[in-house]
Amino acid sequence: MPTCRRKRVVLTEPSEALLQAAKSNPNKEVYYLQQTGEIFETYEAYAARMSFYRLKQFQCEVTGKSGLDYFQALESEQQEAQTMHSRFPEPLKAAVLKAVQWQVVGRLDHLVEAVFDRFKDRYFVDEKVFVDAQGDKFYAKVVQVHPPKTKSDDVDVPAENQASSSSVTSPPQAIVDDDAVQIHKVGGDLKIPAKEALVRDDPLKYSYKVQILEEQHEKSHEKGKAASKDKAKWSGSFMDVQCSVMSRDRLAFSKSILRRFIRDCVDRDAAVASPWTVKPVIAKHYGVDSVMPEETRKGVEDIKRGEIDKRKKIWEDKEGPPTKKQKKMTAAQEERVKALAVAAEKREREAREKAERQQKAKEEAERLAAEKKKKKPIRYPTEDLDVRLNDKEKKAGLKVKKPTPSKLGVPFGENQGTFEAFLTSWNFLVIYGQPLHLSTFTMDEFEHALRHSLVDPPCALLGEIHSTLIYNLRTVPFTRHSAVLSLLRLQDTLEEEHRVLSVSIDELAGAMADVGNNWERIPLRHNEMRDGWEEALLGCLKDHATLDNFPRLREVLTRLLFAPEPHAEVSSSSSSSRVSSPAANNLTVQSSPSERYYALPPADRIDILTLMCNLAVSSKAVHSHMESCEEQLTALRKEKIEIGRQKKQYTEEMNSLAGETEVKEPGTNGTVPDEDTTMHESSDLSDVPSEDGSETASTSSARQKRSARQKDLRQKAHTQAHAKQRELARAQAASAKQALAEHRRLDEEVNKLERRLEAIEREFRKLLGAVRIKPLGKDRFHNRIWWFDGMGSASLLGSGGVVQYGTGRIFIQGPSEMDLELMLKKEDDDYETRRLEEEGPEGMLAPSEWAQYAEPEELDEFLAWLNPKGVRELALKNSFIKWWSHIAPGMRKRISDLNISAKLPEARRSTRTKPSGHDVSREPYMMWTNRRAVNSV
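These figures come from a predicted structure and were not determined experimentally.

Student: Describe the overall build of the chain, listing the residues and the values that go with them.
Tutor: Check the secondary structure of the chain and you find 32 helices and 21 strands. The burial tally for the chain puts 37% of its 937 residues in the buried class. Surface accessibility of the chain: about 56400 Å² in total, with carbon and sulfur atoms responsible for 52%.

Now the structure itself:
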């Protein structure tokens, strides 16, 4: 059994409640761990156990290898056990297991020593051994074991203990059963002391008849090779030998392999003085008695009782034995003293436990009081729910309540499930527009197209979307007439005259028979306005849809193939182009999909697109596009790293240039004036008359000449110094100008790299959206914040840097079930009350519930409500800051587009119901064109 931190891993047993539930409900679903056979009632327990088994902290108990997970350690043990069992002599296994059964030995090593000493010179029938005979070693098989002979049958045994060749080469006769029972019976019994067993059952008195199998040749010995032909005559012959010339292969029988064999086959309880017991399966296989004999049981109990008394005595001695020698008491007095001592000990123990409990309670109260007085400072950012606004922050103007997002503002907000399917379909069509050959369109255009209910003029956007998906699904494997087969299987479970919308399954199957049969070959050309895409859509549904992947299959097919009575159709013909009229309950007139598609409710159209998008995910074109995006993402990551290095290098060069410019300031003007001053001082001193006043005229004339010469030299030196200063100043000015130009060049390079990094971020977002979509982040209550613009084939900037948008809003999704369950488990925080206070009853979102922020002002208030002291809201705020230059302009652009296209102040909602004279063809969703369409298809 693998070990973890030197303890054996115990398998988890099913709980009593689970066992009772299994009896009452045999079909109850549980989680089964196949490798260990464990059963769990919940997935959390199963996942936790599997995570524990996957940790690299287990050790193989046989080999000692560590750093393995549980399954690797178990596999290692099984391999080693298989190798060990194949090597260990099979005839010896039963004898060893019978010897160790019910033995009370503290350490396994001591048990191994005892077993090895008993069996190292005892051999059994069919064992393969080495025999030393006449100086050669032979590999032989034991065919008979002769126990010691009685005194009447004793014969003289040669003094020299050596093997003698048998004169009979035929196989020996079987030994007597009585002798077989007596073979090593006393010597192999560990309950008998070793010396006594040696006297009663001496292994040296046994004789063995062995058959030579082959000689063990020494390949490196030339003499042995030469004599091998002479000794080949021994092969197959029989010998009578004794244990002194016999030995086992060390790879088959040694203390180490014996220890591994015993440890693999036996076990014992953790109680004091528990006996070693052979595992039940192994005991049954080798015929070892699994029921403890009464005599053995009493002996084990005596040993256990003695061990307990011994430990009790040691414990009493530690507490302190009596110092005075007491008089011997009678039995009754001893019993009374013992009873009094037990009662006194019990009272003392109860008093001591009570005092300890009181002391612990007092210490706990003091600790809690100290923690309340002095709390450790919180290090931010921390868990968002642990952050609360204090009075100072509230007075500073920080918002307590989150701005309420609009639930009904989302498309099809009256049905959250419909909106989620609508969002999934739009996101798929926009992200994979390139492999689908479909231009991008906004969410508003997609919503209005799905609400379009006029046959004339037709909606080009709907035709392009369905046609591109139909072309894509032609490459996906399908089953012919899968929808009809699924409906026929459903009919077997329903009543005979069961009808949906007044149409039976037989009538529906008959209407489907001749529609859309060759849908995969219908040429839906772009320049022909995708004529016939409705019939091709029905054929696609016939071959791809089933009740399993499309639960509303029967209702949708009925609405596509049957129409109500003519008077009911006329009464609903005045419906708006945006709002589909309610279909009649009775559809009795057979019609065509091209006439009936625009009468489908938007929810049914969304279900059809959801099915087609789910199937298109497995197409080759989408998979190839995803792989291409992965490769481009890898290239962008490398480019981003390289740009970061270049930017760092340019920044360091700019810093070095700025430092040199500061150092190179004019500072050499003081050198020449010092020299000039010195010369002036020397000339002044030379003009001072001498003290004795005895200068002659010649001396005065020479002095004047020298003074004039010095003045000329001084002026010349001064002129040269000024020239050097001007030259140096010009050089410094040129160097500074050059450094400034270089600084400007590097600054421009850094700006180019930053603009490239921004482009990489936008491109990275586009490519990553094709692989996986992640929210911007979560707020404190685990509401997920989504922004779907700029992913896949959509761009955040158009030609000339024009702002583009896909949704033009921020969506809020409620917390998941798991997040909600984790938050509700916080006992120290009233979660529901806090949500009600900070979100309001209208702003609280249930799991899978959606809302939106469509105005930039609402989003500004939401950002002001976020608290950067929490880890989730800090990351969310950083994401908003990173993309704010695209989020806010996209929201304003959407509002501007809605206001331009609206005829009434209610920009979005009021445009769904138009007066009868309104020109639907001038609506933005009707003016959309597919610039990526391929004319040949």
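Student: I'd like a rundown of the pattern of salt bridges, residues and numbers included.
Tutor: Taken as a whole, this structure holds 47 salt bridges when the rule is applied. Among the ionic pairs, Asp444 bridges to Arg894, the shortest N-O distance being 2.8 Å. Highlighted residues: Asp444 in helix α17 (residues 443-451) and Arg894 in helix α32 (residues 871-901), separated in sequence by 450 residues. The exposure classification of Asp444 matches that of Arg894, with both residues buried. A salt bridge links Glu520 to Arg521; the nearest nitrogen and oxygen atoms lie 3.7 Å apart. Through salt bridges with shared partners, a single ionic network connects Lys402, Asp779, Arg835 and Glu839.

Student: Tell me about a nonpolar patch on the surface, residues and numbers included.
Tutor: Nonpolar side chains collect at one region of the surface, where Val30, Tyr32 and Ile39 lie side by side and expose about 260 Å² of accessible area between them. Inspection of the secondary structure puts Val30 in the loop between α1 (16-24) and β3 (31-33). Residue classification places Val30 among the partly exposed residues on the basis of a relative accessible area of 36%.

Student: Can you explain the packing of aromatic side chains? Please cite residues and give values.
Tutor: In the structure shown here, the tally under the stated rule is 35 aromatic pairs. Look at Phe52 and Tyr53: their rings are 5.8 Å apart centre to centre, the planes differ by 45 degrees, and that puts the pair in the tilted class. With a relative accessible area of 25%, Phe52 lands in the partly exposed category. A relative accessible area of 0% means that Tyr53 is categorised as buried.

Student: Describe the packing of helix α31 (residues 856-865) against α32, and please don't skip the residues or the numbers.
Tutor: When two helices pack together, their arrangement is captured by the angle between the axes and the distance separating the axes. Relative to each other, α31 and α32 sit at 170 degrees, their axes nearing to 10 Å. With respect to α32, the axis of α31 lies roughly antiparallel. Where α31 abuts α32, its residues Pro856, Leu859, Asp860, Phe862, Leu863 and Trp865 lie against Glu873, Leu876, Lys877, Phe880, Trp884, Ile887, Met891, Arg892 and Ile895.

Student: Outline helix α21 (residues 533-544), supporting the account with residue identities and numerical values.
Tutor: With 12 residues, α21 extends 16 Å between its outermost C-alpha atoms, agreeing within 8% with the 16 Å of an ideal straight helix rising 1.5 Å per residue. Within α21, 11 of the 12 residues are buried, leaving the element largely enclosed by the surrounding structure. Its buried side turned inward, α21 meets α18 (460-473), α19 (482-492), α20 (505-512), α22 (553-561), α24 (593-596) and α25 (602-616).

Student: Account for unusual backbone geometry, with residues named and values stated.
Tutor: Put simply, Tyr380 and Pro381 share a cis peptide bond, and its omega is -5 degrees. Within the secondary structure, Pro381 sits in the loop between α13 (331-373) and α14 (391-395). Residue Pro457 follows Asp456 across a cis peptide bond; omega there is 5 degrees. By secondary structure assignment, the location of Pro457 is in the loop between α17 and α18. For Trp102, which is not glycine, the phi torsion reads 70 degrees and is therefore positive. For Trp102, the position within the fold is in the loop between α4 (90-100) and α5 (108-119).

Student: For the environment of Val272, give the residues involved together with the corresponding values.
Tutor: You can see Val272 is positioned in the loop between β12 (266-267) and β13 (277-278). Accessibility expressed as a relative area gives 26% for Val272, which makes it partly exposed. Taking C-alpha positions, Val272 is 9.5 Å from Ile303, a pair spaced 31 residues apart along the chain. Discounting residues that sit within four places of it in the chain, Val272 has contacts with Lys304, Glu307 and Arg311.

Student: Now, about the nonpolar core: what can you tell me, with residues and values included?
Tutor: Of all hydrophobic cores here, the largest spans 92 residues; its most connected members are Leu429 and Leu469. Here this core takes nine residues from helix α15 (residues 416-431), the largest share from any one element. Ignoring sequence-local partners within four residues, the contact set of Leu469 consists of Phe428, Leu429, Leu436, Leu609, Met612, Cys613 and Ala616. Residues Met84, Ile212, Val241 and Trp276 belong to the second largest nonpolar core, which totals 49 residues.

Student: Kindly report on the sheet that holds strand β19 (residues 784-786), identifying the contributing residues and their values.
Tutor: Spatial ordering of the open sheet is given by β18-β19-β20-β21, a layout of four strands whose pairing is antiparallel. Each edge of the open sheet is held by one strand with a lone partner, namely β18 (777-778) and β21 (850-853). In this structure, strand β20 (residues 810-813) lies alongside β21, joined through four bridges in antiparallel fashion. Residue pairing across strands places Ile810 opposite Tyr853, the latter belonging to β21.

Student: Can you lay out the sheet that holds strand β5 (residues 58-59) for me, pointing to particular residues and giving the numbers?
Tutor: Taken in spatial order, the three strands line up as β2-β1-β5 in an open sheet, and their pairing is antiparallel. Strands at the two margins of the open sheet, each flanked by one partner only, are β2 (7-8) and β5. Across two bridges, the pairing between strand β1 (residues 3-4) and β5 is antiparallel. Its bridge partner lying in β5, Cys4 is registered against Phe58.

Basis of the calculations
Counting starts from 1 at the beginning of each chain's written sequence and moves along it residue by residue. pLDDT decides what is reported in this predicted model: residues at 70 or higher carry local features, side-chain atom pairs at 80 or more are listed and counted, and totals for whole chains, interfaces and linings draw on all residues regardless. Think of the side-chain values as coming from all heavy atoms in the structure, minus any hydrogens and water. Working definition: helices are DSSP H or I runs of at least four residues, strands are E runs of at least two. Numbering for both runs from the N terminus. When a residue's accessible area, from a 1.4 Å probe over protein chains only, is under 20% of the maximum for its type it is buried; when over 50% it is exposed; and in between it is partly exposed. Each accessible area is a Shrake-Rupley result for a 1.4 Å probe, and residues are judged covered by the shown protein chains and nothing else. Any carboxyl oxygen of Asp or Glu that lies within 4 Å of a side-chain nitrogen of Lys or Arg is treated as forming a salt bridge with it. In this scheme, patches are assembled from residues that exceed 30% relative accessible area and form no salt bridge. Like charges are connected within 9 Å, while nonpolar side chains (Val, Leu, Ile, Met, Phe, Trp, Tyr) are connected within 5 Å. Put simply, two rings from Phe, Tyr or Trp (the six-membered ring, in Trp's case) pair if the centres are within 6.5 Å, and we call them stacked under 30 degrees between planes, edge-to-face over 60, tilted for the rest. Axis lines are fitted to C-alpha atoms, over the contacting stretch for helices. Their N-to-C directions set the angle, which ranges from 0 to 180 degrees. An angle counts as roughly parallel when it lies under 35 degrees, as roughly antiparallel when it exceeds 145, as roughly perpendicular when it falls between 65 and 115, and as oblique in every other case. Residue contacts are defined here by distance: any two heavy atoms, one from each residue, within 4.5 Å place the two residues in contact. Multiplying 1.5 Å by the residue count of a helix minus one yields the expected span of that helix. Among buried residues, those of type Ala, Val, Leu, Ile, Met, Phe, Trp, Tyr and Cys that are joined through side-chain atoms within 4.5 Å constitute a nonpolar core. A pair of strands is treated as paired once DSSP finds two or more bridges between them.

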